[in-house]
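Spelled out from the first residue to the last, the chains are:
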Amino acid sequence: MPESRPRLTPAIADVRRAVRECLEQAGIQADDLVLVACSGGADSLALAAAAAFEGPRFSGRAGESNGVRVGAVVIDHGMQPGSAEVAGETAHKLSVLGLYPVEIRTVNVGTDGGPEAAARSARYAAIDKVAEETGANAVLLGHTLNDQAETVLLGLARGSGGRSLNGMAAVSGNYLRPLLGITRQTTEAFCTDSGLEPWHDPMNKDQAYTRVRVRENLMPALEAELGPGIAEALARTAETLREDEEVLAELALDAYKKVAQERATRIDIGVAEFRALPLAIRHRVISLAAVVLQAPMLARVHILGVDALVDDWHGQKPLTLPGIRVERTGETIALHTTKTLKTGAC
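Figured I'd write up the structure that's included with this text. Computed from a predicted model, the values in this text were never measured in an experiment.

With that out of the way, let us pick up the sheet that holds strand β8 (residues 266-270). The pairing of strands in a sheet comes from backbone hydrogen bonds and takes either a parallel or an antiparallel form. In space, the five strands of this open sheet follow the order β7-β8-β11-β10-β9, with antiparallel pairing throughout. With partners counted over all chains shown, the strands left at the sheet margins are β7 (260-262) and β9 (319-321), one partner each. Neighbouring strand axes in the sheet, compared pairwise and without regard to direction, differ in orientation by 20° on average. With three bridges connecting them, β7 and β8 associate as antiparallel partners. Looking at β8, one finds that Glu262 is bridged to Ile267.

See below:
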């Protein structure tokens, strides 16, 4: 740990408290290992510093006082000159803060889905690998309230439905996002107050990326026209929708188990029982079936096509959807795949 501790400012207190509460919510226990995914930017650097402080002091739900171990993983995407040096400098800062182990992984970024999606896929695959190798119980991610607001706006623009408007969850499997209630301004203040020099990624200013345009152009325009607090309002919206989605998802799973019969390479659904379901549940049942069939996420137009086989049946030909074929025979709708069904997916 650094020899001199920074004075406790509001920003430092807020970020530390957010980390502590998230660890408690996730059920982290004494002597668990948590990794911080750190790019060196203000958000993840503040998260790492707060975790380094809270880790040794964390008592866990059972009241143990041994603390938790805090390490880090730094991903070098190799997408810009000097990225290896940035990764090395970031790893050094994390070691000075007291994090151990600190792993650097270099990834090869593909092209599927565009540069942002490809980088994200490569990054998460590498993080998962490091977590597995180190036996980490959780990975802390530095997404902030501002990131949450941007995610909601992007989902709204794409017309992706309520699930995408849920934004990111604070706890999602072994991924923890302690800073979803913390603004980017606060993480920057944390670094300033702590004497930490974050890395400023030039790609975060590159208008070629959709998220950057949302951050640099759209959010300021909304603030100017509608007043301050837009990011907070969008984050609250995501939280409310996530609460609704959790209930609907549970109801949909119960309905799926009642109306769907899984075969070797298909799922059969009885039309009468399926028609009786509320549309919101019916559509989620179709989405669940797609997951079991290992198909890509279905768009609304695809789900409405399946609906037509129920409500507007007049002998249509089978539907060819991404990864599956759907047909109605009498009072049964069958969703076919060429793969063996993914057991235990629901």
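Once the structure has been displayed, the description carries forward.
Once that is clear, we can look at the environment of Lys205. Its place among the elements puts Lys205 in the loop between α7 (184-194) and α8 (210-226). Discounting residues that sit within four places of it in the chain, Lys205 has contacts with Val212 and Glu216.

Spatially, β3-β2-β1-β4-β6-β5 is the arrangement adopted by the six strands of the open sheet, whose pairing is mixed. In this open sheet, the two edge strands, each paired with only one partner strand, are β3 (102-106) and β5 (171-172). When strand β2 (residues 69-76) meets β3, the two strands line up parallel, connected through five bridges. By the bridge assignment for β3, Ile75 is matched with Arg105. Packed onto the sheet, helix α3 (residues 83-97) meets β2 and β3 and runs at close to 170° relative to β2.

On the surface, a cluster of negative charge is contributed by Glu239, Glu243, Asp244 and Glu246. Along the polypeptide, Glu246 turns up in helix α9 (residues 230-259). Look at Glu246 and you get exposed, because its relative accessible area is 53%.

Take the nonpolar core next. With 37 residues, the main nonpolar core has Leu23, Ile28, Val36, Leu94, Leu97, Leu99 and Phe190 as its most contacted residues. Looking at which element gives the most residues to this core, the answer is helix α2 (residues 42-54), with nine residues. Ignoring any residue separated from it by four or fewer positions in sequence, one finds Leu23 in contact with Ile28, Val34, Phe58, Leu140 and Leu176. Ranked by size, the runner-up nonpolar core spans 29 residues in total, among them Leu277, Ile324, Val326 and Ile333.

Scanning all chains against the criterion turns up one aromatic pair. Over the aromatic face of Phe53 sits the side chain of Arg57, whose NZ or CZ is 3.8 Å from the ring centroid. One cation-aromatic arrangement involves Arg282 over Phe274; the distance from NZ or CZ to the ring centre is 5.5 Å.

With an omega of 0°, the peptide bond between Tyr100 and Pro101 qualifies as cis. Along the polypeptide, Pro101 turns up in the loop between α3 and β3. Phi at Gln294 takes a positive value of approximately 60°, unusual for a residue other than glycine. Turning to its location among the elements, Gln294 is positioned in the loop between α11 (279-292) and α12 (300-311).

Put simply, the second largest pocket is a space of about 520 Å³. Surrounding the second largest pocket, 21 residues form its lining, Gln25, Ala170, Leu180, Glu239 and Arg242 being those nearest its centre. Contributing elements (two or more residues each) for the lining of the second largest pocket: α1 (10-25), α5 (145-158) and α9. Per-element accounting of the lining of the second largest pocket gives the leading share, six residues, to α9. When its residues are assigned to classes, the lining of the second largest pocket shows 11 nonpolar, three polar and seven charged.

What counts as what
- Along each chain, residue indices are assigned from 1 in the same order as the chain's sequence is written.
- Whole-chain, interface and lining totals are the exception, using all residues; otherwise, since this is a predicted model, local features are given only for residues with pLDDT of at least 70 and side-chain atom pairs are given and counted only at 80 or more.
- As a rule here, side-chain values cover all heavy atoms of the structure and leave hydrogens and water aside.
- A pair of strands is labelled paired if DSSP reports no fewer than 2 bridges between them.
- For the purposes of this entry, the term helix denotes a DSSP run of H or I that reaches at least four residues, the term strand denotes a run of E that reaches at least two, and both are numbered from the N terminus.
- For helices, the fitted axis covers only the stretch in contact; all axes are lines through C-alpha atoms, and the angles between them, taken along N-to-C directions, range from 0 to 180 degrees.
- Residue contacts are counted whenever heavy atoms from the two residues lie within 4.5 Å of one another.
- Like charges within 9 Å and nonpolar side chains (Val, Leu, Ile, Met, Phe, Trp, Tyr) within 5 Å are joined into patches, using only residues over 30% in relative accessible area that form no salt bridge.
- Working definition of accessibility: Shrake-Rupley area with a 1.4 Å probe, residue cover restricted to the visible protein chains.
- For this analysis, a salt bridge means a side-chain nitrogen from Lys or Arg found within 4 Å of a carboxyl oxygen belonging to Asp or Glu.
- In this tally, Asp and Glu contribute negative charge and Lys and Arg positive charge; neither His nor the terminal groups of the chain are included.
- In plain terms, the charge of a residue is placed at NZ if it is Lys, CZ if Arg, CG if Asp and CD if Glu.
- Buried, partly exposed and exposed residues are distinguished by accessible area as a fraction of the type maximum, computed with a 1.4 Å probe on protein chains only: under 20%, between the cut-offs, and over 50%, respectively.
- The definition of a nonpolar core used throughout is a set of buried Ala, Val, Leu, Ile, Met, Phe, Trp, Tyr and Cys residues joined through side-chain atoms within 4.5 Å.
- Two rings belonging to Phe, Tyr or Trp (six-membered ring only in the last case) form a pair when the distance between their centres is within 6.5 Å. Interplanar angles under 30 degrees mark stacking, angles over 60 mark edge-to-face geometry, and anything in between is tilted.
- Any Lys NZ or Arg CZ found within 6 Å of a ring centre and within 35 degrees of that ring's normal is scored as a charge over the ring.
- A cavity here means a set of 1 Å grid points, computed over protein atoms only, where a 1.4 Å probe fits but cannot escape. A pocket is an open set with protein on both sides within 12 Å along at least 5 of 7 lines, and lining residues have an atom within 4 Å of a point.
- Grid points are joined across faces, edges and corners, and a volume is the space filled by probe spheres set on the points.
- Lys, Arg, Asp and Glu make up the charged group, whereas Ala, Val, Leu, Ile, Met, Phe, Trp, Tyr, Cys and Pro make up the nonpolar group; the residues left over, Gly among them, are polar.

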